Amino acid sequence: MTVRDILKMGDERLLRTAPPVLEFDTPELHELIDDLLETMAAVNGAGLAAPQIGVNLQVVIFGSGQVNPRYPHEPPIPQTVLLNPIITPIGDEEQEGWEGCLSVPGMRAIVPRWQRIRYSGFDVKGQTIAREADGFHARVVQHECDHLIGKLYPMRVRDFTRFGFTSVLFPGLDDNTDD
């Protein structure tokens, strides 16, 4: 397992649309997932997408099964490895919430997301995953899956008066640990 460098906004590789995973349960796929998990843990991330470490594949990881120290007021999300995800909103209700990103360090913004979603895809062995999520869980899934279509959260901001440096918006939080 290796802690990988995380690409930063401005790197054109973050703007690509990732192709689906075609072969499951391969040594290369297991190594990629191990690296994603190790990298996410090293920075206390809530999630991480393969494009963020320069791998152009539809692979995201999120959650840890415990409260994230960077989001102490949010409920834990089950640790999930999700390949070739599909997200479907449940209803029309949106929710605004603060987001940051490891690829946009030191900044946060209010971002609208679907309140409730259904997501599906596959695990590393090619077994189907199908879940419903709401609130923070739904926000994290949508944020990570955006990386697979070349979107960073600033592209979803509607009101730039609610976008800024973490240290200014939330004195006491570390600017370099956002996601």
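If you're wondering where the values come from, they're calculated on a predicted model, not measured in any experiment.

A. Broad picture of the packing of aromatic side chains. In the structure shown here, the tally under the stated rule is five aromatic pairs. Between Trp 98 and Phe 170, the aromatic rings sit 5.0 Å apart at their centres with planes inclined by 85°, giving edge-to-face as the arrangement. Of this pair, Trp 98 sits in strand β4 (residues 94–101) while Phe 170 sits in the segment after α3 (166–169), and the two are 72 residues apart along the sequence. The exposure class of Phe 170 is partly exposed, given its relative accessible area of 23%. With 5.7 Å between their ring centres and 85° between their planes, Phe 160 and Phe 163 make a pair best called edge-to-face. Sitting over the face of the ring of Phe 170, Arg 108 holds its NZ or CZ atom 5.9 Å from the ring centroid.

B. Summary view of a negative patch on the surface. A contiguous patch of negative charge, built from Glu 23, Glu 28, Glu 31, Asp 34 and Glu 38, is present on the exposed surface. Position of Glu 38 among the secondary structure elements: in helix α1 (residues 27–42).

C. Layout of the side chain of Arg 139. Following the sequence through the fold, Arg 139 ends up in helix α2 (residues 135–146). A polar contact is formed between the side chain of Arg 139 and the side chain of Glu 99, at a distance of 2.6 Å. Arg 139 has contacts with Gln 95, Glu 96, Gly 97, Trp 98, Glu 99, Val 111 and Arg 113, leaving out every residue within four places of it along the chain.

D. Main features of the sheet that holds β4. Pairing in this open sheet of three strands is antiparallel, and the strands run β4-β5-β8 from one edge to the other. The two strands at the open ends of the sheet, each matched to only one other strand, are β4 and β8 (163–165). Recorded for the sheet is a direction-independent mean angle of 20° between the axes of neighbouring strands. Bridge count between strand β5 (residues 104–114) and β8: three bridges; the pairing is antiparallel. Within β8, the residue paired with Ala 109 across the bridge is Phe 163. On top of the sheet, α2 reaches β4 and β5; it is set at about 55° to β4, its chief contact.

E. Fine view of the environment of Ala 50. By the secondary structure assignment, Ala 50 is in the loop between β1 (47–49) and β2 (59–62). Separated by 98 residues in sequence, Ala 50 and Leu 148 place their C-alpha atoms 8.1 Å apart. Excluding residues within four positions of it along the chain, Ala 50 makes contact with Leu 32, Leu 36, Val 55, Leu 57 and Val 59.

F. Structural view of the pairing of strand β6 (residues 116–122). In β6, alternate side chains face the same way, and those of Ile 117, Tyr 119 and Gly 121 are buried while those of Arg 116, Arg 118, Ser 120 and Phe 122 on the opposite face are not. By the bridge criterion, five bridges tie strand β3 (residues 80–89) to β6 in an arrangement that is antiparallel. Residue pairing for β6: Ile 87 is matched across the bridge by Tyr 119. Of the strand pairs in this sheet, β6 and strand β7 (residues 128–134) are connected by seven bridges, and their pairing is antiparallel. The residue of β7 that forms the bridge with Gly 121 is Ile 129.

Criteria and thresholds
Residues numbered from 1 in each chain as written. Predicted model: local features only at pLDDT ≥ 70, side-chain atom pairs only at ≥ 80, totals over all residues. Heavy atoms only, no water. Phe/Tyr/Trp six-rings, centres within 6.5 Å; stacked < 30°, edge-to-face > 60°. Helix = DSSP H or I, 4+ residues; strand = E, 2+ residues; numbered from the N terminus. Buried < 20%, exposed > 50% of the residue type's maximum accessible area, 1.4 Å probe, protein only. Lys NZ or Arg CZ within 6 Å of the ring centre and 35° of its normal. Patch = residues over 30% accessible without salt bridge, like charges linked within 9 Å, V, L, I, M, F, W, Y side chains within 5 Å. Areas by Shrake-Rupley, 256 points an atom, 1.4 Å probe, with all protein chains shown as cover. Salt bridge = Lys/Arg side-chain N within 4 Å of Asp/Glu carboxyl O. Lys, Arg positive; Asp, Glu negative; His and termini not counted. Charge placed at Lys NZ, Arg CZ, Asp CG, Glu CD. Polar contact = N/O pair within 3.5 Å; in protein donor to acceptor, adjacent residues only side chain to side chain. Contact = heavy atoms within 4.5 Å. Pairing = 2+ DSSP bridges. Axes fitted to C-alpha atoms, helices over the stretch in contact; angles between N-to-C directions.

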